[in-house]
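# Per-entry structural report
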Amino acid sequence: MENLISGIHHVTAIASDPQRNVNFYTQVLGLRLVKKTINFDAPNVYHFYFGTEKGSPGTILTFFPFKAAARGRRGLGEMTFTSFSIPERSLDFWKDRLSSLNIVHSDTISRFGEQLVRFTDHDGMGLELVAAKGDDRKGWSGGSIPEDMAIKGFFGATLNVRDSKPTAAVLTEVLNYSLIDKIQDNRFRYGIAGKPGETIDLVVADPDSRSIQSAGSVHHLAFRTKNETQQLRIQGILHDFGLQVTEVKDRNYFKSIYFREPGGILFEVATDEPGFLIDESSEGLGNALKLPEWAEPQRAQIEKQLEPIQVNYDVRWKE
């Protein structure tokens, strides 16, 4: 089958306080706020996109920040850890940085021949930094992290499921993934071409550890496809596989379809096109509140409902 999927497009999560969300991901992780817009389904809530310089597919972590949201609980039926790729020799730099900012983190973990550090953000969202081999992507040097230490984009995602087989069938029979390796019978790694930015780990979890989705939870995992033509082909394959899939939704910067895999996790397939430069220059990304055309007539009302956000890439984070 032609490879219609080329890895992870983006990850979307839920946060609490919008300013603390911006501060953590710009000041601690050194990501760029590449787009500041709204939740299309709840226009009184921001939608932040963090990534590398131009917000290329495979680098974007997005958030819906609901200020009053309680903390969620990681567990069964959820994407529990979002893994970023960092330069192979930068792990000590990152461990020292996290320690200096009073962010509790694991010791070095070895997994499938690579080393990583695990921690959570201020809302309890699970994060990993993987010292990845063979990642030739460039990190963003415009923040507080030197380019040779900067995050390059996603490494992969960890999904907690009761039974790996039904989810694995979707990965292998619909999304062009293959089993790469496993650790005993509870962690299975899937990939496409074996590159950072596509890795999916299925972890068989305790059935009593059901997740509660709220602040710190991943809302959905988006896979990337080149264009709308390929997306429609994937939509048809999903239908034929027996999965309920949405109509194509226009998200301004990409087109999307959504479906739930058998383990209950919400998946999206998003197009690489058109990208984040359609309404801002590369230099100006993330500076202005960008609204979809249908929301522009309500701009004044929307702006009144949104808390003003300040972006400062200098390290001022306080836990």
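The following paragraphs examine the structure supplied in this document. (Residues numbered from 1 in each chain as written. Predicted model: local features only at pLDDT ≥ 70, side-chain atom pairs only at ≥ 80, totals over all residues. Heavy atoms only, no water.)

### Some words on the side chain of Thr62
For Thr62, the position within the fold is in strand 4 (residues 60-65). Residues in contact with Thr62, not counting those within four places in the same chain, are His10, Val11, Thr12, Ala13, His47, Phe48 and Tyr49. (Helix = DSSP H or I, 4+ residues; strand = E, 2+ residues; numbered from the N terminus. Contact = heavy atoms within 4.5 Å.)

### Some points on the sheet that holds strand 13 (residues 218-225)
Ordered in space as 2-3-4-1-13-16-15-14, the eight strands form an open sheet in which the pairing is mixed. Bordering the open sheet on either side are strand 2 (32-39) and strand 14 (249-250), each of which pairs with just one other strand. Sheet analysis places strand 1 (residues 8-15) next to strand 13, joined by five bridges and oriented antiparallel. Paired with His10 across the bridge in strand 13 is Ala222. Relative to the sheet, helix 1 (residues 18-28) contacts strand 1, strand 2, strand 3 (42-51) and strand 4, its axis offset from that of strand 3 by approximately 10°. (Pairing = 2+ DSSP bridges. Axes fitted to C-alpha atoms, helices over the stretch in contact; angles between N-to-C directions.)

### Considerations on the sheet that holds strand 6 (residues 109-111)
Strand pairing in a sheet relies on backbone hydrogen bonds. The paired strands run either parallel or antiparallel. Here we have eight strands laid out as an open sheet, ordered 6-7-8-5-9-12-11-10, and mixed in their pairing. Each of the sheet's edge strands pairs with one partner strand only, and the pair in question is strand 6 and strand 10 (178-183). The sheet shows a mean angle of 30° between the axes of neighbouring strands, direction not considered. Summarising the sheet, strand 10 and strand 11 (residues 187-191) pair through five bridges and their orientation is antiparallel. Along strand 11, the bridge assignment pairs Leu179 with Tyr190.

### Notes on the packing of aromatic side chains
Counted according to the given criterion, the structure contains 18 aromatic pairs. Between Phe24 and Trp317 the ring centres are 5.2 Å apart and the planes differ by 85°, which places this aromatic pair in the edge-to-face class. Of this pair, Phe24 sits in helix 1 while Trp317 is found in the segment after helix 5 (299-305), placing the two residues 293 residues apart along the sequence. Overall, Phe24 belongs to the buried group, its relative accessible area being 1%. Since its relative accessible area comes to 5%, Trp317 is described here as buried. Every member of this aromatic cluster is reached through a ring pair, and the members are Phe24, Tyr25, Tyr46, Phe48, Phe50, Phe63 and Trp317. Taking NZ or CZ as reference, Arg118 lies 3.6 Å from the ring centre of Phe81, over its face. (Phe/Tyr/Trp six-rings, centres within 6.5 Å; stacked < 30°, edge-to-face > 60°. Buried < 20%, exposed > 50% of the residue type's maximum accessible area, 1.4 Å probe, protein only. Lys NZ or Arg CZ within 6 Å of the ring centre and 35° of its normal.)

### Details of the pattern of salt bridges
When their charged atoms lie close together, side chains carrying opposite charge are able to pair. Within the structure shown, the criterion is met by 15 salt bridges. For Asp17, the salt bridge goes to Lys67, with nearest N and O atoms at 3.5 Å. With a gap of 50 residues between them, Asp17 in the loop between strand 1 and helix 1 and Lys67 in the loop between strand 4 and strand 5 (78-86) connect regions that are remote in the sequence. A salt bridge links Lys255 to Glu228; its shortest N-O distance comes to 3.2 Å. One end of the pair, Lys255, is in strand 15 (residues 254-260); the other, Glu228, is in helix 4 (residues 228-241), and 27 residues separate them in sequence. With relative accessibility at 41%, the residue Glu228 sits in the partly exposed group. (Salt bridge = Lys/Arg side-chain N within 4 Å of Asp/Glu carboxyl O.)

### So, a negative patch on the surface
Where like charges cluster on the molecular surface, the negative patch consists of Glu53, Glu147, Asp148 and Glu283. Position of Asp148 relative to the elements: it lies in the loop between strand 8 (126-131) and strand 9 (153-161). Residue Asp148 is classed as exposed on the basis of its relative accessible area, which comes to 54%. (Patch = residues over 30% accessible without salt bridge, like charges linked within 9 Å, V, L, I, M, F, W, Y side chains within 5 Å. Areas by Shrake-Rupley, 256 points an atom, 1.4 Å probe, with all protein chains shown as cover. Lys, Arg positive; Asp, Glu negative; His and termini not counted. Charge placed at Lys NZ, Arg CZ, Asp CG, Glu CD.)

### Some words on the pairing of strand 13
Most of strand 13 is tucked away, with six of its eight residues classed as buried. Pairing geometry for strand 13 and strand 16 (residues 266-274), over five bridges, is parallel. Opposite Leu221, over in strand 16, you have Phe267 as the bridge partner.

### Remarks on the pairing of strand 1
Burial within strand 1 is extensive, with eight of its eight residues counted as buried. Pairing of strand 1 with strand 4, which is carried by six bridges, proceeds in the parallel orientation. Paired with Ala15 across the two strands is Pro65, which belongs to strand 4.

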